[in-house]
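# Structural overview
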Amino acid sequence: MSERFTGSFTQQEPIPQAGIDAALRVMQSGRLHRYNVAPDEVGEAALLEQEFAQAMGVDYALAVASGGYALATALRALGIGAGDTVLTNAFTLAPVPGAIASVGAQPHFIEVTDDLTIDLRDLAEQIAATGAGVLMLSHMRGHICDMDRLMRICDAAGVVVIEDCAHTMGATWRGVMSGRHGAMACYSTQTYKHLNAGEGGLITSADPTLMARAILLSGSYMLFDRHKASPPPEYFTKLQPEVPNVSGRMDNLRAAILRPQLAALPAQCAAWTERYRVVEDGLRDTPGLRLIDRPEEESFVGSSIQFQLPGWTPDRIMQVIERTGARGVELKWFGAKEPSGFTSRYDSWRYARPRHLPRTDRVLAGLMDMRLPLTFSLDDCALIARIIRAEVGAVYQPA
Ligand SMILES: *Cc1c(COP(=O)(O)O)cnc(C)c1O
């Protein structure tokens, strides 16, 4: 009898009891809107922003309706709109080019390397070729590029960086929190990310003008003084008449659920990476399978794991997916022709009129992906690795 895994790849942990209690208190109060507070009360949304800013080591934070909304708001705060070109990773998820398209701008994709980070040589070439002023850098699946080199390239060319930290909340590069290199950073609190409010997003920045614009954009009416992790009032009075209201606030209920989770984030990140290392160890030296090198400078959050089946035919990759699937291990494949589930690739975003990217095509053709929810035990992770190893071994044919 071969071993079978019976856990669910989409099952997250329950909301901590402190979050459930806080959510009940908000519901009992009836004050769910973030600006609906009693005299002298600081609402849950404002408290979450304060705590998130502190956790990320930055002055300003704003809680919003989704990660995608956060990305679009960062672009609007930078004045990006119709006709502008925005550089971004070819290897990312649909909400990233979607946020760019939502403000009327054109995504321009940059190639990916074998280690799944943005190709810095192609980035420099495409900055020169397009004259684009903004890079929306997606730390896709938690892989962080050489941030020192990236910032040198962008600073030298006057390119402003927005960081998509949907998969790097809690991660660092050379000890600096992910999100602290660019002008603005965006996070998601959707169920499958590092904090779970069902939906939701956060924006951080050290730039008072950008953050004042983001707060006004999010729909703060004349109530921006109820924010705590925010720039002083003079920034708002000056900007208020110029900035449209594009409502996308977070409510007190979601913020209440998130605050206890944020307090536990460092421990949760460590638990994810522990699981990642168990799967990685179990897959090491599997013939035909290449693990992704993780640079020493990067302290990542292993909430998912990727590996390559380099040079494999689509037919054999499909056999691996079917065989592991039959044993309860759900592998996603970035090389599939048709988008499925959350997984799609740059050439399926046809509205962006993507250029042909041969290096990215080669990397995605063999790229496998798997979530590691914290409901998996370390034993589960070892079992999952044994199943993948056995089924890759059963299908692999050396060239
Ligand atoms: C989830 C995600 C987003 C956007 O988050 P939503 O909250 O779902 O809008 C952005 N970028 C990446 C890479 C993501 O995975």
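Keep in mind it's a predicted model, so treat the numbers as computed, not measured.

Take the nonpolar core next. For soluble globular proteins, the rule of thumb is that nonpolar side chains tend to be buried together. Ile 118, Leu 123, Leu 135 and Leu 150 are the most contacted members of the largest nonpolar core, which has 46 residues in total. Elements with a contribution of two residues or more to this core: helix 2 (44–56), strand 1 (60–64), helix 5 (120–130), strand 4 (134–138), helix 6 (147–157), strand 8 (184–188), helix 9 (252–263) and helix 10 (265–283). Looking at which domains feed residues into this core, each of domain 1 (17–263) and domain 2 (265–395) gives three or more. When neighbours within four sequence positions are excluded, Leu 150 is seen to be in contact with Ile 118, Leu 120, Leu 123, Leu 135, Leu 137, Cys 145 and Val 161. Ala 72, Ala 74, Ala 77 and Leu 210 belong to the second-largest nonpolar core, a separate cluster that totals 34 residues.

It is worth spelling out the domain arrangement of the protein at this point. Domain boundaries in the protein define domain 1 (17–263) and domain 2 (265–395). For domain 1 and domain 2, the distance between their C-alpha centroids amounts to 27 Å. The interface of domain 1 with domain 2 comprises 42 residues on the first partner and 38 residues on the second. In this assembly, domain 1 packs against domain 2 so that about 3,400 Å² is buried in total across both faces, 55% of it on carbon and sulfur atoms. Ranking the residues of domain 1 by area buried against domain 2 places Phe 109, Glu 111 and Arg 141 at the top, with a combined share of 18%. Inspection of the domain 1/domain 2 interface yields 7 salt bridges. Viewed at the interface, domain 2 and domain 1 are joined by 21 residue pairs in polar contact (both at pLDDT 80 or more). Taken together, the elements giving at least two residues each to the side of domain 1 that touches domain 2 come down to helix 4 (95–102), strand 3 (106–110), helix 5, strand 6 (172–173) and helix 9. In terms of residue count, strand 3 provides more of the side of domain 1 that touches domain 2 than any other element does, 5 residues in total.

For the rest of this paragraph, the subject is a nonpolar patch on the surface. Together, Ile 20, Leu 24, Met 27 and Leu 32 give the surface a local cluster of nonpolar side chains, amounting to about 310 Å² of exposed area. Relative to the helices and strands, Leu 24 resides in helix 1 (residues 17–29). Under the relative-accessibility criterion, Leu 24 is labelled partly exposed at 40%.

So, on to the environment of Asp 207. Inspection of the secondary structure assignment puts Asp 207 in the loop between strand 9 (201–205) and helix 7 (208–217). For Asp 207, a relative accessible area of 31% corresponds to the partly exposed category. For the pair Asp 207 and Ala 183, spaced 24 residues apart in the sequence, the C-alpha separation amounts to 7.0 Å. Within the local environment of Asp 207, its side chain forms a polar contact with the backbone nitrogen of Thr 209, the two atoms lying 2.9 Å apart.

What counts and what doesn't
Residues numbered from 1 in each chain as written. Predicted model: local features only at pLDDT ≥ 70, side-chain atom pairs only at ≥ 80, totals over all residues. Heavy atoms only, no water. Core = buried A, V, L, I, M, F, W, Y, C linked by side-chain atoms within 4.5 Å. Buried < 20%, exposed > 50% of the residue type's maximum accessible area, 1.4 Å probe, protein only. Helix = DSSP H or I, 4+ residues; strand = E, 2+ residues; numbered from the N terminus. Domains from an automatic or database assignment. Contact = heavy atoms within 4.5 Å. Buried area = accessible area lost by both parts, 1.4 Å probe. Salt bridge = Lys/Arg side-chain N within 4 Å of Asp/Glu carboxyl O. Polar contact = N/O pair within 3.5 Å; in protein donor to acceptor, adjacent residues only side chain to side chain. Patch = residues over 30% accessible without salt bridge, like charges linked within 9 Å, V, L, I, M, F, W, Y side chains within 5 Å. Areas by Shrake-Rupley, 256 points an atom, 1.4 Å probe, with all protein chains shown as cover.

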